[in-house]
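Below are the chains, spelled out letter by letter.
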Amino acid sequence: MDKYDVVILGAGPGGLGAAVYCARYNLKTLVIGKLLGGYAAEAHLVENYLGYKSISGIELSQKFKEHAESMGAKIILGVDVISVKKSGKGFEVTSGENKKYACKAIVVALGTQRRKLEVPNEDKFLGKGISYCASCDAPFFRDKIVGVVGGSDAAGTIALMLTEHAKKVYIIYRKEELRAEPITKKRIDQNRKIEIIYKTVVKELKGPNKLESVVLDKEGKTSELRIDGLFIEIGSVPSTVILKELGVEVTEEGYIKVKEDMSTSAPGVFAAGDITTASNCFRQIITAASEGAVAANSIFKYLKSK
């Protein structure tokens, strides 16, 4: 069994931010992540990360990875973490490849999972008109009509990106005003391809073999809208299922409760990024990376005290 000082679960900004600092503290560091960058990699353009006026999410994520590796961290991508449990004075982490790793401390930076609409045919049409990743699937909808469900800044940004491919983009939002940032709203208002449908929810997805239309409910009145694709951006839920054995305290929504130093209720377990309560007020790439750095500093102090 390979042994490390720190194993970091997740290869997004929080995990890779922690990796850079753990490695700088000369801690033997391993990062295990399913996808490089997490949600950050899906961003068409990142325009609010310090030092970059504009950069794609995947390019920024790759730079994070290269930085962490240059400091000495080992990164394993494309695999899930199956279990994490206490073992002696440390922990044992099992990956999807059934490989086991021993470590003295853990950083949980698993991020969140996309929230679903929970309407008929959602799973049936996944990959056949339904998508949770615009940067992955937008090119498949060139000259098509698409919709975006959601009113956040992320939803607005996705709608703008889709206009580079689709001929028409609908934003379907259940409230009467978008929650997007002012600059995003301005760009949406100036884009003739975008039409916003307020006070409306999607009730059903229709089509024999692929998505062809959606049934909408606007204040009790139903209608049908023909579209070729629907991109769902209605938030996310934390990925904390594998942590049950550790006894880490979480909120009712499942977010990991952390202290100012990013420590959790379980000694030796730290957390960073969207999965924590610290990120509840502002989930951004820069805040996740910052939390990762704080967690690494706390781990260094924790291991030194041992």
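What you see as residue numbers is a count from 1 along each chain, following the sequence as written. Given that this is a predicted model, residues contribute local features only at a pLDDT of at least 70 and side-chain atom pairs are listed and counted only at 80 or more, while totals for whole chains, interfaces and linings are drawn from all residues. Hydrogens are left out, water is left out, and the side-chain values use all remaining heavy atoms of the structure.

## A closer look at the environment of Glu 92
Stage number 1. On the secondary structure map, Glu 92 appears in strand β5 (residues 90-95).
Stage number 2. Sequence-wise, Glu 92 and Val 20 are 72 residues apart; in three dimensions their C-alpha atoms are separated by 22 Å.
Stage number 3. In this view, Glu 92 contacts Met 1, Ser 83, Val 84, Lys 85, Ser 87, Lys 100 and Tyr 101; residues no more than four positions away in its chain are not counted. By the criteria applied, helices consist of DSSP H or I runs no shorter than four residues and strands consist of E runs no shorter than two, each listed in order from the N terminus. Contacts: residue pairs with any heavy atoms within 4.5 Å of one another.

## A short note on the sheet that holds strand β14 (residues 221-226)
Across a sheet, paired strands are connected by hydrogen bonds in the backbone, their directions being either parallel or antiparallel.
Stage number 1. If you trace the 3 strands from one edge of the open sheet to the other, you get β12-β13-β14, paired in antiparallel fashion. In the strand order of this sheet, the two ends are held by β12 (200-206) and β14, each with one partner. Across this sheet, the average inter-strand angle for adjacent strands is 30 degrees, counted without regard to direction. Note on pairing: DSSP must find at least two bridges between two strands before they are called paired. Helix axes use the C-alpha atoms of the stretch in contact, all axes being lines fitted to C-alpha atoms, and the angles between their N-to-C directions lie in the range 0 to 180 degrees.

## Points about the state of the cysteines
Such a bond, covalent and formed between the sulfur atoms of two cysteines, is termed a disulfide.
Stage number 1. By disulfide we mean two sulfur atoms from cysteines, separated by a distance within 2.5 Å. Inspection of every chain in the model, using the stated rule, returns 0 disulfides.
Stage number 2. In this structure Cys 103 is a free cysteine whose sulfur lies 11 Å from that of Cys 22, the closest cysteine sulfur available.
Stage number 3. Classification of residues uses two cut-offs on accessible area relative to the type maximum, computed with a 1.4 Å probe and protein chains only: under 20% is buried, over 50% is exposed, and between them is partly exposed. Note on Cys 103: relative accessible area 6%, which makes it buried.

## A closer look at the sheet that holds strand β9 (residues 145-149)
Stage number 1. If you trace the 5 strands from one edge of the open sheet to the other, you get β8-β15-β9-β10-β11, paired in parallel fashion. Because the sheet does not close on itself, it has two edges, and the strands there are β8 (130-131) and β11 (194-197).
Stage number 2. Bridge count between strand β10 (residues 168-172) and β11: 4 bridges; the pairing is parallel. Bridge pairing links Ile 171 to Ile 196 in β11.
Stage number 3. Contacting β9, β10, β11 and β15 (229-232), helix α4 (residues 153-162) runs over the sheet at an angle of about 170 degrees to β9.

## Side note on the pattern of salt bridges
Stage number 1. Should a side-chain nitrogen of Lys or Arg be within 4 Å of a carboxyl oxygen of Asp or Glu, the pair is scored as a salt bridge. Evaluation of the coordinates by the stated rule reveals 14 salt bridges.
Stage number 2. Across the salt bridge formed by Arg 187 and Glu 47, the nearest N and O atoms sit 3.0 Å from each other. Note that Arg 187 is positioned in helix α5 (residues 182-190) and Glu 47 in the loop between β2 (29-33) and α2 (57-71), a separation of 140 residues in sequence.
Stage number 3. Overall, Arg 187 belongs to the partly exposed group, its relative accessible area being 37%.
Stage number 4. A cluster of three or more residues bridged by salt bridges with shared partners is formed by Lys 85, Glu 92 and Lys 100.

## Focus: the packing of aromatic side chains
Centre distance and the angle of the planes are the two values used to describe a pair of aromatic rings.
Stage number 1. The pairing test for Phe, Tyr and Trp rings, Trp by its six-membered ring, is centres within 6.5 Å, and the orientation test on the planes gives stacked under 30 degrees, edge-to-face over 60, and tilted for anything in between. One pass over the structure, following the stated rule, counts 5 aromatic pairs.
Stage number 2. Ring geometry for Tyr 25 and Phe 300: centres 4.5 Å apart, planes at 10 degrees, overall stacked. Highlighted residues: Tyr 25 in the loop between α1 (13-24) and β2 and Phe 300 in helix α6 (residues 285-305), separated in sequence by 275 residues.
Stage number 3. With 5.4 Å between their ring centres and 75 degrees between their planes, Phe 141 and Phe 231 make a pair best called edge-to-face. Here Phe 141 is found in the loop between α3 (134-137) and β9, whereas its partner Phe 231 is found in strand β15, with 90 residues between them in sequence.
Stage number 4. On the basis of relative accessible area, Phe 141 is assigned to the buried category, the value being 10%.
Stage number 5. Since its relative accessible area comes to 2%, Phe 231 is described here as buried.
Stage number 6. In our convention, an over-ring charge means Lys NZ or Arg CZ found within 6 Å of a ring centre and within 35 degrees of that ring's normal. Sitting over the ring of Tyr 4, Lys 28 keeps its end group 4.9 Å from the ring centre.
Stage number 7. Over the aromatic face of Phe 91 sits the side chain of Lys 86, whose NZ or CZ is 4.7 Å from the ring centroid.

## A few points about unusual backbone geometry
Stage number 1. Not every positive phi belongs to a glycine, and Glu 118 is a case in point at roughly 60 degrees.
Stage number 2. Among the secondary structure elements, Glu 118 is positioned in the loop between β7 (112-114) and β8.

## Regarding the environment of Val 6
Stage number 1. Locating Val 6 in the fold gives a position in strand β1 (residues 2-9).
Stage number 2. Looking at Val 6, the relative accessible area reads 0%, which means it is buried.
Stage number 3. As a C-alpha pair, Val 6 and Tyr 25 span 19 residues in sequence and 11 Å in three-dimensional space.
Stage number 4. Setting aside its immediate chain neighbours within four residues, Val 6 contacts Cys 22, Leu 27, Lys 28, Thr 29, Leu 30, Cys 103, Ala 105, Val 107 and Ile 299.

## Structural notes on the packing of α4 against α5
Stage number 1. For the pair α4 and α5, interaxial distance at closest approach is 10 Å and the crossing angle is 35 degrees. In this structure, α4 meets α5 at a crossing whose hand is left-handed. The segment α4 lies against α5, with Asp 153, Gly 156, Thr 157 and Leu 160 engaging Thr 184, Arg 187 and Ile 188.
Stage number 2. All amino acids are sorted into three groups, where Ala, Val, Leu, Ile, Met, Phe, Trp, Tyr, Cys and Pro are nonpolar, Asp, Glu, Lys and Arg are charged, and the leftover types, Gly among them, are polar. Here the contact of α4 with α5 is composed, by residue class, of 2 nonpolar, 3 polar and 2 charged. Handedness of a helix crossing follows the sense of rotation of the near helix relative to the far helix, less than a right angle counterclockwise being left-handed and clockwise being right-handed.

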